[in-house]
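Examination of the molecular architecture
Listed below are the residues making up each chain.
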Amino acid sequence: MSETVLLYESLRLMLIGMGIVFSFLLLLVGILRLMSWTALRLAPLPQTEPAALSAAPGSGDGAPIAVIAAAIARYRAGRRR
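Residues numbered from 1 in each chain as written. Predicted model: local features only at pLDDT ≥ 70, side-chain atom pairs only at ≥ 80, totals over all residues. Heavy atoms only, no water.

1. Observations regarding the overall build of the chain
Note the threshold: Labels follow the DSSP assignment, with helices taken as runs of H or I lasting at least four residues and strands as runs of E lasting at least two, numbered in each case from the N terminus. Here the term buried applies to any residue with accessible area under 20% of the maximum for its type, exposed to any over 50%, and partly exposed to those in between, with areas from a 1.4 Å probe on protein chains only. Note that accessible areas follow from Shrake-Rupley with a 1.4 Å probe, and for residues the cover is restricted to the protein chains shown.
Within the chain one finds two helices and zero strands. In the chain, which comprises 81 residues, the share counted as buried stands at 0%. Per element, the accessible surface of the chain, about 8200 Å² overall, is 70% carbon and sulfur.

Structure below.
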């Protein structure tokens with residue numbers, strides 16, 4: 001076989017392989033979209049309402065807020081160096 005024929009055959013084989021992979025990926029995307037659509041139709045996402053605050057601001061123990069504020073202040077002080 002000549003080099004030209006071998007080159008032609010290798011290009012043909014490459015195109016066939018790439019076509020098969022591309023077709024498989026398209027099929028996979030289609031199946032995933034179909035499954036997603038089916039799952040949403042069978043079990044729609046529950047409508048959640050915003051969580052209500054358990055306590056009014058300014059009432060109760062302010063220790064967690066003080067700790068967070070101190071941590072932020074220390075982080076920012078360390079970044080300025």
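2. Observations concerning a nonpolar patch on the surface
Convention followed: Like charges within 9 Å and nonpolar side chains (Val, Leu, Ile, Met, Phe, Trp, Tyr) within 5 Å are joined into patches, using only residues over 30% in relative accessible area that form no salt bridge. By definition, a salt bridge exists where a carboxyl oxygen of Asp or Glu is found within 4 Å of a side-chain nitrogen of Lys or Arg.
A cluster of nonpolar residues, V21, F24, L25, L27, L28, I31, L32 and M35, forms a patch on the protein surface that exposes about 770 Å² of accessible area. Summarising the element assignment, I31 is placed in helix α1 (residues 3-42). Its relative accessible area of 40% is what places I31 among the partly exposed residues.

3. Some points on the pattern of salt bridges
For the structure shown, the criterion picks out one salt bridge. Residue R12 pairs with E9 through a salt bridge whose shortest N-O separation is 3.2 Å. Highlighted residues: R12 and E9, both in helix α1, separated by three residues, approximately one helical turn. Classification of R12 as partly exposed rests on a relative accessible area of 42%.

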